[in-house]
Amino acid sequence: MTQLAPANSHEMVHLLEEKGALLRGSFTLSSGDVSTYYFDSKRLTLDPEGGFEVAKYFLEKIKETDAKVVGGMAEGAIPIVGLITIQSYFDEYPLPAFFVRKEPKTHGTMKQIEGNLPTDTDTPVAILDDVVTGGKSIMQAIELVEAEDIPIVSVMCILDRDEGGRELLRKKGYELQAMFTVKDGEIYFNP
């Protein structure tokens with residue numbers, strides 16, 4: 001399959017700006033902190049070219065692990081795992097997906113984990129998210145999957161804001177892989 005988007009670091013960061021996913025200015029984050037940039041992952045993952053690049057990147061990284069299923073927190077991970085699932089089919093490396101709700105459903109199946117969470121505790125999974133800041137959201141997904149005795153072999157995100165999430169995950173025994181990382185206010189692509 002031909003590559004549809006840029007491959008080097010500068011061009012990948014430019015892709016974020018071109019798709020409107022990376023905005024510069026003054027933004028108040030959900031934590032109340034003020035940032036000089038804002039990352040709108042949906043502008044990337046819900047764009048044909050951007051979504052393809054995200055799926056291709058994560059699928060390559062997942063193939064380096066033993067993960068057989070991908071999942072993560074609603075809402076950030078839903079587009080990502082959907083993209084990966086479709087791309088994995090075309091790459092003949094099929095990966096089913098699941099997502100974790102913040103709270104269990106109050107109707108129907110009343111599940112908190114939806115989709116294809118393995119029932120076999122020998123099936124390893126990769127946990128994904130769009131942005132990791134302090135790590136609270138991705139840790140919630142990890143803890144709920146761990147509670148099901150499902151092994152987690154990889155933890156990944158599109159953007160690591162470098163605001164404590166990586167360290168929190170490391171303390172819990174997980175190494176975060178990020179497509180993009182913020183260092184000293186600059187965003188870098190991690191090939």
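Remember, predicted model here, so these are calculated numbers, not experimental data.

What counts and how
Residues numbered from 1 in each chain as written. Predicted model: local features only at pLDDT ≥ 70, side-chain atom pairs only at ≥ 80, totals over all residues. Heavy atoms only, no water. Helix = DSSP H or I, 4+ residues; strand = E, 2+ residues; numbered from the N terminus. Polar contact = N/O pair within 3.5 Å; in protein donor to acceptor, adjacent residues only side chain to side chain. Expected span 1.5 Å × (residues − 1). Buried < 20%, exposed > 50% of the residue type's maximum accessible area, 1.4 Å probe, protein only. Pairing = 2+ DSSP bridges. Axes fitted to C-alpha atoms, helices over the stretch in contact; angles between N-to-C directions. Contact = heavy atoms within 4.5 Å. 1 Å grid on protein atoms, 1.4 Å probe; cavity = no way out; pocket = protein on both sides within 12 Å on 5 of 7 lines; lining within 4 Å. Points joined across faces, edges and corners; volume = space filled by probe spheres on them. Nonpolar A, V, L, I, M, F, W, Y, C, P; charged D, E, K, R; others polar. Parallel < 35°, antiparallel > 145°, perpendicular 65-115°, else oblique. Phe/Tyr/Trp six-rings, centres within 6.5 Å; stacked < 30°, edge-to-face > 60°. Core = buried A, V, L, I, M, F, W, Y, C linked by side-chain atoms within 4.5 Å.

Novice: Let's hear about the side chain of T65: which residues, and what values?
Specialist: Mapped onto the fold, T65 is located in the loop between α3 (48–63) and β3 (69–73). Side-chain polar atoms of T65 contact the backbone nitrogen of A67, separated by 3.0 Å.

Novice: Break down α3 for me, with residues and values.
Specialist: In this model, α3 (16 residues) spans 22 Å end to end at C-alpha, consistent with the 22 Å of a helix rising 1.5 Å per residue. Counting buried positions along α3 gives 13 out of 16 residues, so the element sits mostly inside the fold. Regarding α3, its N-cap is D47, as a side-chain oxygen of that residue lies 3.0 Å from the backbone nitrogen of E49 further along.

Novice: Please set out the sheet that holds strand β4 (residues 97–100) residue by residue, giving values where relevant.
Specialist: Pairing within the open sheet is mixed, and its seven strands lie in the order β5-β4-β3-β6-β7-β8-β9. A strand with exactly one partner marks an edge of an open sheet, and here the two such strands are β5 (113–115) and β9 (186–189). This sheet shows a mean twist of 25° between the axes of neighbouring strands, independent of strand direction. Pairing geometry for strand β8 (residues 176–183) and β9, over four bridges, is antiparallel. If you follow K183 over to β9, its bridge partner there is E186. Sheet contacts for helix α5 (residues 136–146): β3, β4, β5, β6 (125–132) and β7 (152–160); angle to β6, the most-contacted strand, approximately 165°.

Novice: An account of the layout of surface pockets is needed here, citing residue identities and associated values.
Specialist: Its volume calculated, the largest pocket comes out at about 710 Å³. Looking at the largest pocket, it is lined by 25 residues, and the ones nearest its centre are S30, Y38, D130, V131 and T133. Those elements that provide at least two residues to the lining of the largest pocket are β2 (34–39), α2 (41–45), β6 and α5. Among the residues forming the lining of the largest pocket, the class breakdown is eight nonpolar, nine polar and eight charged.

Novice: Tell me about the packing of α3 against helix α4 (residues 77–90), and name the residues and values.
Specialist: Following both chains from N to C, one finds α3 and α4 inclined at 70°, their axes separated by 8 Å at the closest point. Judged on the interaxial angle alone, α4 and α3 are roughly perpendicular. Of the residues in α4, those touching α3 at G51, F52, V54, A55, F58, L59 and I62 are I80, L83, I84, Q87 and S88. Its residues assigned to classes, the contact of α3 with α4 shows nine nonpolar, three polar and no charged.

Novice: Pulling in residues and values, what's your account of the packing of aromatic side chains?
Specialist: Between two aromatic rings, the relevant description is the distance of the centres plus the angle of the planes. Summed over the entire model, instances satisfying the criterion amount to five aromatic pairs. Where Y89 meets F90, the ring centres are 5.9 Å apart and the plane angle is 80°; that geometry is what we call edge-to-face. For F90, a relative accessible area of 57% puts it in the exposed group. Centre to centre, the rings of F180 and F189 are 5.5 Å apart; their planes meet at 55°, and the pair counts as tilted. The buried category is assigned to F180, whose relative accessible area is 1%. An aromatic cluster is present here, built from Y57, F58, F180 and F189 joined pairwise through their rings.

Novice: Describe the nonpolar core, naming the residues involved and giving the relevant values.
Specialist: Here is a general trend for soluble globular proteins: nonpolar side chains tend to be buried in one another's company. Among the nonpolar cores identified, the biggest contains 31 residues, and F58 and F180 are the most heavily contacted of them. For this core, the secondary-structure elements that each account for two or more residues are α1 (9–18), β2, α3, α4, β6, β7, β8 and β9. Sort the elements by how many residues they give to this core and α3 lands first, with five residues. The contact partners of F180, leaving out residues within four places of it in the chain, are M12, V13, L16, I158, L159, D160, I187, Y188, F189 and N190. Counting residues in each nonpolar core, the second largest holds 22 residues, with M73, F98, I150 and A178 among its members.

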